[in-house]
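Here is what each chain is made of, one letter per residue.
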Amino acid sequence: MPALVVMILLSALGVLAAPTPARAAAGPEPAACRSAGLAEAKVAASARLEHDDRTHTKITTELSVDVPGDWPLAQDLLLGETSGRYITAMSCLTMNEAGQQRRWRSWRTGSPTVVSKDGRVKVVDRVHSWVNRYREYIDVGPWRVRAGAERWTVTLRPPPALAGARWEKVTVDPGAPGAETATPRPTTGEGVSALVWRPEAPKKPQPAKGRNAPEEKPAQKAAAGTAPSVTVSLRPPWQRSWAAQNDRLVAVGLDRLGRLLWTGAVSALLLVAARRYRHRGGVPTAQQHRTLGNLVAWAPAVVLLDVFIFADDLVVRYAERTGDGYWGDERILLGHCLALAAASVLLGFAKPSGRLWAAAAVLALPPLVVMMWPAEFGLFRPEADPMALATLAIVSCCMLALLLLGCAAAAWRLAVDGGLLPESRRHPGSQRVMRLRWAGPAVGAAVAAIGVSFAVAEERSWRRVSWLSDRTENAYGLGHRNDWYWELTWSVNHAPEWILDYSWLLTCVAALAVLRTWRAPSSLSPFEDAADRLLFLNFYAFGVALIVGYYVSSSLLTVLSIPLSMLALFGVASMAAPRAVLAQPFERSAQPLAAVRGPATRRALLRKSRAYRETHAELRRLDQGLFGDVPPKRKNLERELSDLHDWPTGVGGSSAGPDRLPAKVSVVDATLALGPRDDWWANGTRGARFAVVCGLPAAVLATWAWGVRGEAWQDTLSYLYGLPDLLLNFLTWTATWAAAGFVLGALWRMLPGRRGAAKALPVAVAFALPLGLDFVGIRFAREGSANLPLYMSLMLFVLTVTGIALDLDTFQGERRYWQSRLGLLLSVYQMRYYSLQLAYLIAQIVAMITVWEFLTEPDASPTKELTGVGR
């Protein structure tokens, strides 16, 4: 794979070049902050904790410093942010006096504002963070936060240079229910829960007149308004307290257990469905045998993958709890072992060709070599060197490529065995083969793109935490290299977790392959056969429905989303089935219309539907007086319409003459109820194709709301896999809409309603019911739910447009007789129906915008690595 080799070399060179310290170009920097000149500076500080509408409590701080113009460093604040003098002056006011300033948990929406007015310079620094670590100190601006099990403390830790400045106001808003203790006693309060301190300057004695008047000493000036030692203790809401403890061993174990239960429930249902297929009777074909074998093999494989990708978190937390620590070389060894185990499961399931096995062996060789001789590559040294960085870069790229190759090979096997891919063009009648000459460059390009994104995000993160560091010191370059070293070590542990978080897509392919090959051809819908019903409902649960039950940063309750989603779809569809068009009885035999379905029935109904619409068009022209001298008789036209309701073949052996369609069901209604194809699988595939096209704008909007809107964009840019994850999220939403279109098409014949827009409603309601229950849980957990109404609105919109497209596709054979598809649609819907459909779509769009505007709330977490990714 030449592209992969080039990419690995470029990545290694980039890593080696990145840590080079950038020397400031502004000349020599002052050695100290000249704190004596800040005695007349006016300082105000505030901290506000926001508990509601988010998973983790957000703390927002503001430090305002108005320095006199005679402070030696005042004018340096007006220089550019890359200036060494600016960095020294700003670090004096916001952090310590000099050296390496790093705040790993501090975030800024922008640079501090600097305004010069009336000979003074005012600096306002706004910093925020999230309380998401248990018993760790989080430094945010001049404040330090510590989260305990029951109490949190917020302490003012002003920069040393401002200790003697004039502190005019200090504000702490701990949020509801308020502070438990405060030291010293606050001066006053603001709003509902904010506490305010106003340090009073000592009264100055009246100056004596005359030559013997004592001169005020600088020490006396510095004593005025000295920064108070403010400490506030609070009991946070229990929801935020639990979420802040998500890094404890017990919390991590429960979270991983919830993910494992979700995967285990899906896998168990897949195995039960496979058992039902095997007990159907008859001799399965070779293709059926392969697809069912794939399903049986994939079900436990998914569970193993989950165990491998989450085991390292438990091991690391356990080592930290016992006090033994967990060093870098141990992290690398554990990450390599688990990642190789996950790749082995994928490749062992896929059983690729010999060339792909050889490529996988080449990719696995560097990690194995590093695992056997880590000291030879500098991995045991306390400080990172170029050799260690280059080694980790190459190993990370190889491991990522190996995992991507395993996922691609597994997906290829599932799709080819299930007949989901078209046959080979070069060899008609033969299955397509995954070839290295195509898979290699594709995987190499993907790894290169991910590597570039990783490097950009890592460099951006380093600049964020070290923007006030002295870049002329050797410690800056050393810290830069060490940061790269740890992030590359982190990537080996977390790349499998990030990639395999989307393994549900492979599970969808496995289920579709079995449904295609094992479906009962004569079934009205997948609900008629027990095996089809169970597998179809399971496919809906993990392919369409969103995961619910993720509260206070824990996945323990997410397993409930599987039965809730399955019951919602089955319950809604079953209750609505008696009102379906094909469930209505013939007038004479009382048998349902579905009893005479089949290709011949569809062809007959299509012919009658065309005659029905043409006769109705003649009636409209007759009513409008548009005929010539010899207009047709209305009685004859009405007789033709009545004859079209006759069904020539008796149902159920009836000998009373031709049967008749129900009076309330026209031939057009019956035709649309059958759908565009002859069975439910073909209708489902047509629905999936239409939903992909209709869902592209919806996928863009959902991805934007998830990863770009508001605070989420900072989250995406800070996450080392943020930009590739954004692309994968778009693809997963596209797959979700396609799966929803498949469900709509497969259930088309048992859904109520005469037009596609009406048939979309039951599926949309089934999608919304678990989200409604999840909304109740989110409100109880006091977390944000802004995107849930948007997702429900998007699902209804996509299904509605897909339903209209399926109606149009039903009469696609008449397309050549019309100038446009719109004209055909107007004819099928008889115009007045189309007007209603158009008004319905416009109302949905308006409702989507309105609901989102009114229900938009902050719903971002500090990092995606803490809360998980995906839908």
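Only a predicted model underlies this, so the values are computations on that prediction, with no experimental measurement involved.

What counts, and at which threshold
Residue positions are counted from 1 within each chain, in the order its sequence is given. Selection of residues for local features in this predicted model requires a pLDDT of at least 70, selection of side-chain atom pairs for listing and counting requires 80 or more, and totals for whole chains, interfaces and linings are taken over all residues. Hydrogen atoms and water are omitted, and side-chain values are computed over all heavy atoms in the structure. Put simply, a disulfide is two cysteine sulfurs that come within 2.5 Å. To qualify as a helix, a DSSP run of H or I must reach at least 4 residues; to qualify as a strand, a run of E must reach at least 2; elements of each kind are numbered from the N terminus. Classification of residues uses two cut-offs on accessible area relative to the type maximum, computed with a 1.4 Å probe and protein chains only: under 20% is buried, over 50% is exposed, and between them is partly exposed. The patches described consist of residues with a relative accessible area above 30% and no salt bridge, like charges being joined within 9 Å and nonpolar side chains (Val, Leu, Ile, Met, Phe, Trp, Tyr) within 5 Å. Accessibility throughout is a Shrake-Rupley quantity obtained with a 1.4 Å probe, and a residue counts as covered only by protein chains that appear here. A pairing counts as a salt bridge when a side-chain nitrogen of Lys or Arg comes within 4 Å of a carboxyl oxygen of Asp or Glu. Only four residue types enter the tally: Lys and Arg on the positive side, Asp and Glu on the negative side; His and the chain ends are excluded. The location of each charge is read from NZ of Lys, CZ of Arg, CG of Asp or CD of Glu. Each residue after the first adds 1.5 Å to the expected span of a helix. The term bend refers to the angle at a residue between two fitted axes, each drawn through seven residues, those ending there and those starting there. What qualifies as a polar contact is a pair of N or O atoms within 3.5 Å, subject to a donor-acceptor requirement within protein and to the restriction that residues adjacent in sequence count only when both atoms come from side chains. Residues are treated as being in contact if the distance between any of their heavy atoms lies within 4.5 Å. Two strands pair if DSSP finds at least two bridges between them. The rule is simple: put a 1 Å grid over the protein atoms alone, call a set of points where a 1.4 Å probe fits but cannot get out a cavity, call an open set with protein on both sides within 12 Å along at least five of seven lines a pocket, and count a residue as lining if it has an atom within 4 Å of a point. Grid points are joined across faces, edges and corners, and a volume is the space filled by probe spheres set on the points. For this classification, the nonpolar set comprises Ala, Val, Leu, Ile, Met, Phe, Trp, Tyr, Cys and Pro, the charged set comprises Asp, Glu, Lys and Arg, and every other residue, Gly included, is treated as polar.

A word on the state of the cysteines
Point 1. Applying the stated criterion across every chain, the model contains 1 disulfide.
Point 2. Each disulfide pairs two cysteine sulfurs, and for C33 the partner residue is C92, the sulfurs being separated by 1.8 Å. The disulfide joining C33 to C92 has a torsion of about -85° about its S-S bond and is therefore left-handed. Residue C33 is found in the loop between α1 (2-17) and β1 (42-50), and its partner C92 is found in helix α2 (residues 84-94); the two are separated by 59 residues along the sequence. Here C33 and C92 have matching classes, each one buried.
Point 3. Cysteine C397 remains unbridged, with the sulfur of C398 as its closest cysteine sulfur at 7.0 Å.

Observations concerning a positive patch on the surface
Point 1. A contiguous patch of positive charge, built from R135, R146, R248 and R321, is present on the exposed surface.
Point 2. In this structure, R248 sits in the loop between α4 (238-244) and α5 (249-278).
Point 3. Taking the relative accessible area as the measure of exposure, R248 reaches 33% and is therefore partly exposed.

Here's the deal with helix α8 (residues 354-372)
Point 1. Along its 19 residues, α8 runs 26 Å from first to last C-alpha, staying within 8% of the 27 Å computed at 1.5 Å per residue.
Point 2. Bending of α8 peaks at approximately 30° at the position of L365, with proline P366 no more than four residues after it.

A word on the side chain of S565
Point 1. Within the fold, S565 resides in helix α14 (residues 561-576).
Point 2. Among the polar contacts made by the side chain of S565, one reaches the main-chain carbonyl oxygen of S561 at a distance of 2.7 Å.
Point 3. Apart from the residues within four sequence positions on either side, S565 is in contact with Y540, A541, A545 and P770.

Points about the pairing of strand β7 (residues 152-156)
Point 1. Side chains of β7 alternate between two faces, with W152, V154 and L156 buried and T153 and T155 left unburied.
Point 2. The pairing of strand β6 (residues 143-147) with β7 spans 5 bridges and is antiparallel. From the neighbouring strand, V145 faces β7, where its bridge partner is V154.
Point 3. As consecutive antiparallel partners, β6 and β7 are separated by 4 residues.
Point 4. For β7 and strand β12 (residues 231-234), the ladder comprises 4 bridges, and the chain directions are antiparallel. Bridging from a neighbouring strand, V154 pairs with V232 of β12.

Quick notes on helix α6 (residues 286-322)
Because each turn of an α-helix spans 3.6 residues, side chains separated by three or four positions in sequence point in the same direction.
Point 1. For α6, with 37 residues, the first-to-last C-alpha span of 54 Å sits near the 54 Å given by 1.5 Å per residue.
Point 2. Approximately 35° is the largest bend angle found in α6, and it occurs at F310.

Focus on empty space enclosed by the protein
The probe, sized like a water molecule, is rolled over the atoms to show the empty space still left.
Point 1. Scanning all chains against the criterion turns up 2 cavities of 30 Å³ or more.
Point 2. The calculated volume of the largest cavity comes to roughly 60 Å³.
Point 3. Residue lining of the largest cavity: L582, F586, L593, V596, R597, T601, L605, W647, L661, A670 and L674, and that is the complete set.
Point 4. Every element with two or more residues in the lining of the largest cavity is listed here: α15 (599-623) and α17 (667-674).
Point 5. Partitioning the lining of the largest cavity into residue classes produces 9 nonpolar, 1 polar and 1 charged.
Point 6. Reported here for the second largest cavity is a volume of approximately 50 Å³.
Point 7. Taken together, F308, I309, D312, G335, L338, A339, A342, V492, N493 and P496 form the lining of the second largest cavity.
Point 8. Put simply, the parts of the chain that give the lining of the second largest cavity at least two residues each are α6, α7 (328-350) and α11 (474-500).
Point 9. With 4 residues, the top contributor of residues to the lining of the second largest cavity is α7.
Point 10. For the lining of the second largest cavity, the class distribution of residues is 7 nonpolar, 2 polar and 1 charged.

Any functional reading would require information that these geometric values do not contain.
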